[in-house]
Amino acid sequence: MFRQQELVCLDEDAFDGLTTGKGHTWVAVISVYEQRVGLKDVNSFFGNLRNGEKYEGIWGCLNDDNSAWYGARNGITFGRFDANNPQAIGPKLESGRFHMLAGRMEAGTKTVKLEFFVDGKVPVAKVDFPVNPAANPSRMAVGQERDAIQHPGVESFDGEIARLLIWERPLGDDEFAKLLGDLSAAYQLK
(Lines give C-alpha, C1' and ligand atoms only; values in the text may rest on other atoms or scores of the structure.)
Protein backbone atom coordinates (compact mmCIF):
# COMPACT_ATOMS: atom_id res chain seq x y z
CA MET A 1 0.00 0.00 0.00
CA PHE A 2 1.39 3.38 -0.99
CA ARG A 3 0.34 6.77 0.33
CA GLN A 4 3.17 9.19 -0.30
CA GLN A 5 5.78 6.46 0.24
CA GLU A 6 8.36 4.94 -2.03
CA LEU A 7 10.79 2.09 -2.48
CA VAL A 8 14.04 3.08 -4.22
CA CYS A 9 16.68 1.02 -5.98
CA LEU A 10 19.85 2.83 -4.91
CA ASP A 11 21.93 1.48 -7.80
CA GLU A 12 22.10 4.56 -10.02
CA ASP A 13 22.67 2.61 -13.25
CA ALA A 14 20.68 -0.60 -12.68
CA PHE A 15 17.86 0.33 -15.06
CA ASP A 16 19.67 2.46 -17.66
CA GLY A 17 19.30 -0.13 -20.44
CA LEU A 18 15.50 0.09 -20.33
CA THR A 19 15.50 3.24 -22.48
CA THR A 20 18.94 3.32 -24.11
CA GLY A 21 18.50 0.52 -26.64
CA LYS A 22 17.78 -2.82 -24.96
CA GLY A 23 14.06 -2.21 -24.78
CA HIS A 24 11.90 -3.35 -21.90
CA THR A 25 8.70 -4.89 -20.67
CA TRP A 26 6.99 -4.08 -17.40
CA VAL A 27 3.78 -5.38 -15.84
CA ALA A 28 2.02 -4.02 -12.75
CA VAL A 29 -1.05 -5.26 -10.92
CA ILE A 30 -2.43 -2.23 -9.08
CA SER A 31 -5.51 -0.96 -7.30
CA VAL A 32 -6.05 2.80 -7.24
CA TYR A 33 -7.31 5.12 -4.53
CA GLU A 34 -8.34 8.72 -5.05
CA GLN A 35 -5.15 10.57 -6.00
CA ARG A 36 -3.96 13.61 -4.04
CA VAL A 37 -3.15 16.47 -6.35
CA GLY A 38 0.51 17.47 -6.06
CA LEU A 39 2.07 18.04 -9.46
CA LYS A 40 -0.91 18.01 -11.83
CA ASP A 41 -1.48 14.59 -13.44
CA VAL A 42 1.78 13.00 -12.20
CA ASN A 43 1.01 10.20 -9.73
CA SER A 44 3.73 7.66 -10.42
CA PHE A 45 3.48 4.05 -9.35
CA PHE A 46 7.02 3.55 -10.65
CA GLY A 47 9.65 5.48 -12.55
CA ASN A 48 13.13 6.93 -12.68
CA LEU A 49 13.52 9.63 -10.05
CA ARG A 50 16.09 12.04 -11.50
CA ASN A 51 15.67 15.46 -9.88
CA GLY A 52 17.45 17.51 -12.51
CA GLU A 53 18.68 17.75 -16.07
CA LYS A 54 16.14 16.41 -18.57
CA TYR A 55 14.54 13.62 -16.55
CA GLU A 56 15.51 10.61 -18.69
CA GLY A 57 13.79 7.29 -18.01
CA ILE A 58 10.39 5.61 -17.96
CA TRP A 59 7.25 6.06 -15.88
CA GLY A 60 4.02 4.28 -15.13
CA CYS A 61 1.63 6.96 -13.89
CA LEU A 62 -1.90 8.09 -13.27
CA ASN A 63 -3.52 11.42 -13.99
CA ASP A 64 -5.36 13.01 -11.08
CA ASP A 65 -8.63 11.39 -12.26
CA ASN A 66 -6.95 7.90 -12.24
CA SER A 67 -6.59 7.62 -15.99
CA ALA A 68 -3.42 5.62 -16.60
CA TRP A 69 -0.43 6.57 -18.72
CA TYR A 70 3.04 5.29 -19.59
CA GLY A 71 5.83 7.49 -20.78
CA ALA A 72 9.51 7.67 -21.60
CA ARG A 73 11.99 10.53 -21.89
CA ASN A 74 15.23 10.39 -23.82
CA GLY A 75 17.02 13.49 -22.48
CA ILE A 76 17.24 15.26 -25.84
CA THR A 77 14.67 17.90 -24.91
CA PHE A 78 13.02 18.90 -21.67
CA GLY A 79 9.30 18.81 -21.61
CA ARG A 80 6.15 17.34 -20.36
CA PHE A 81 5.31 15.59 -23.52
CA ASP A 82 6.71 16.20 -26.92
CA ALA A 83 8.25 13.95 -29.60
CA ASN A 84 11.20 13.10 -27.30
CA ASN A 85 8.95 12.62 -24.27
CA PRO A 86 5.91 10.68 -25.54
CA GLN A 87 2.97 9.74 -23.38
CA ALA A 88 0.81 6.68 -24.09
CA ILE A 89 -2.56 7.40 -22.50
CA GLY A 90 -4.95 4.71 -21.32
CA PRO A 91 -8.41 4.65 -19.75
CA LYS A 92 -9.55 5.80 -16.34
CA LEU A 93 -9.10 3.01 -13.80
CA GLU A 94 -11.97 1.97 -11.57
CA SER A 95 -11.27 2.17 -7.83
CA GLY A 96 -11.89 -0.82 -5.59
CA ARG A 97 -10.44 -3.51 -7.84
CA PHE A 98 -7.10 -4.56 -9.27
CA HIS A 99 -6.02 -3.74 -12.80
CA MET A 100 -3.17 -5.13 -14.87
CA LEU A 101 -1.10 -2.49 -16.65
CA ALA A 102 1.85 -3.25 -18.91
CA GLY A 103 4.31 -1.43 -21.11
CA ARG A 104 6.59 -2.75 -23.79
CA MET A 105 9.33 -0.93 -25.69
CA GLU A 106 11.02 -2.40 -28.74
CA ALA A 107 14.80 -2.84 -28.72
CA GLY A 108 16.81 -0.54 -30.97
CA THR A 109 18.75 2.69 -31.10
CA LYS A 110 16.57 4.60 -33.58
CA THR A 111 12.84 5.29 -33.22
CA VAL A 112 10.96 2.40 -31.59
CA LYS A 113 7.39 1.73 -30.48
CA LEU A 114 6.08 1.96 -26.93
CA GLU A 115 2.92 -0.09 -26.36
CA PHE A 116 0.65 0.40 -23.35
CA PHE A 117 -1.77 -2.30 -22.18
CA VAL A 118 -4.57 -1.97 -19.62
CA ASP A 119 -6.53 -5.05 -18.53
CA GLY A 120 -5.90 -6.94 -21.74
CA LYS A 121 -3.56 -8.31 -24.40
CA VAL A 122 -4.31 -5.61 -26.97
CA PRO A 123 -2.52 -2.26 -26.59
CA VAL A 124 -4.73 0.69 -25.66
CA ALA A 125 -2.06 3.09 -26.97
CA LYS A 126 1.09 3.02 -29.11
CA VAL A 127 3.57 5.87 -29.47
CA ASP A 128 6.93 6.37 -31.17
CA PHE A 129 10.00 6.91 -28.99
CA PRO A 130 13.33 8.16 -30.41
CA VAL A 131 15.96 6.25 -28.42
CA ASN A 132 19.01 8.15 -27.20
CA PRO A 133 21.78 5.64 -26.36
CA ALA A 134 23.57 8.40 -24.39
CA ALA A 135 20.61 9.04 -22.06
CA ASN A 136 21.37 8.66 -18.36
CA PRO A 137 18.28 7.57 -16.42
CA SER A 138 18.49 7.71 -12.67
CA ARG A 139 17.51 5.40 -9.83
CA MET A 140 14.22 3.56 -10.07
CA ALA A 141 11.50 4.35 -7.54
CA VAL A 142 8.28 2.47 -6.82
CA GLY A 143 5.38 4.47 -5.41
CA GLN A 144 6.58 7.91 -6.46
CA GLU A 145 8.39 9.57 -9.36
CA ARG A 146 10.80 11.76 -7.46
CA ASP A 147 12.96 11.50 -4.37
CA ALA A 148 10.66 11.92 -1.36
CA ILE A 149 13.34 13.89 0.49
CA GLN A 150 13.22 16.67 -2.10
CA HIS A 151 9.62 16.26 -3.23
CA PRO A 152 7.68 14.74 -0.32
CA GLY A 153 4.43 13.35 -1.67
CA VAL A 154 4.24 15.75 -4.61
CA GLU A 155 4.29 13.07 -7.34
CA SER A 156 3.22 10.03 -5.40
CA PHE A 157 0.77 7.25 -6.13
CA ASP A 158 -2.06 6.44 -3.73
CA GLY A 159 -3.04 2.81 -4.08
CA GLU A 160 -1.86 -0.77 -3.83
CA ILE A 161 0.73 -2.59 -5.90
CA ALA A 162 0.24 -6.35 -5.81
CA ARG A 163 2.95 -7.11 -8.38
CA LEU A 164 5.54 -5.16 -10.39
CA LEU A 165 7.76 -7.01 -12.86
CA ILE A 166 10.39 -5.41 -15.11
CA TRP A 167 12.44 -7.03 -17.89
CA GLU A 168 15.38 -5.40 -19.66
CA ARG A 169 14.09 -6.62 -23.02
CA PRO A 170 10.81 -6.63 -24.90
CA LEU A 171 9.06 -9.94 -24.30
CA GLY A 172 8.00 -11.73 -27.48
CA ASP A 173 4.29 -11.78 -28.31
CA ASP A 174 3.69 -15.38 -27.19
CA GLU A 175 5.67 -15.00 -23.94
CA PHE A 176 3.93 -11.68 -23.23
CA ALA A 177 0.44 -13.07 -23.88
CA LYS A 178 1.14 -16.08 -21.63
CA LEU A 179 2.39 -13.81 -18.84
CA LEU A 180 -0.69 -11.57 -19.03
CA GLY A 181 -2.97 -14.62 -19.05
CA ASP A 182 -1.19 -16.19 -16.07
CA LEU A 183 -1.33 -12.97 -14.04
CA SER A 184 -4.95 -12.37 -14.94
CA ALA A 185 -5.85 -15.86 -13.71
CA ALA A 186 -3.68 -15.60 -10.57
CA TYR A 187 -5.28 -12.29 -9.52
CA GLN A 188 -8.75 -13.14 -10.86
CA LEU A 189 -8.79 -9.98 -12.95
CA LYS A 190 -11.70 -9.01 -15.17
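Reading the values: the criteria
- Residues numbered from 1 in each chain as written.
- Predicted model: local features only at pLDDT ≥ 70, side-chain atom pairs only at ≥ 80, totals over all residues.
- Heavy atoms only, no water.
- Helix = DSSP H or I, 4+ residues; strand = E, 2+ residues; numbered from the N terminus.
- Salt bridge = Lys/Arg side-chain N within 4 Å of Asp/Glu carboxyl O.
- Buried < 20%, exposed > 50% of the residue type's maximum accessible area, 1.4 Å probe, protein only.
- Pairing = 2+ DSSP bridges.
- Axes fitted to C-alpha atoms, helices over the stretch in contact; angles between N-to-C directions.

A. Focus on the environment of Tyr55. With respect to the secondary-structure elements, Tyr55 resides in the loop between strand E4 (43-48) and strand E5 (57-62). Linking Tyr55 and Ile76, residues 21 residues apart in sequence, is a C-alpha distance of 9.8 Å.

B. Seen up close, the pattern of salt bridges. Per the stated rule, a full pass over the model turns up 11 salt bridges. Of the charged contacts, one joins Asp41 and Lys40 as a salt bridge, the two residues approaching to 3.2 Å between their closest N and O atoms. The residue Arg104 makes a salt bridge to Asp173 at a minimum N-O spacing of 3.1 Å. Of this pair, Arg104 sits in strand E8 (residues 98-105) while Asp173 sits in helix H1 (residues 173-186), and the two are 69 residues apart along the sequence. By relative accessible area, Arg104 is classed as buried at 10%. Taken together, the salt bridges that share partners define one network made up of Glu94, Arg97 and Asp119.

C. Here's a closer look at the sheet that holds strand E11 (residues 140-142). What the 6 strands build is an open sheet, ordered E2-E11-E4-E5-E6-E7; its pairing is antiparallel. Edge positions in the sheet fall to strand E2 (7-9) and strand E7 (87-92), since each of these pairs with one other strand and no more. This sheet shows a mean twist of 15° between the axes of neighbouring strands, independent of strand direction. Bridging between E5 and strand E6 (residues 67-73) involves 6 bridges; their strand directions are antiparallel. If you follow Leu62 over to E6, its bridge partner there is Ala68.

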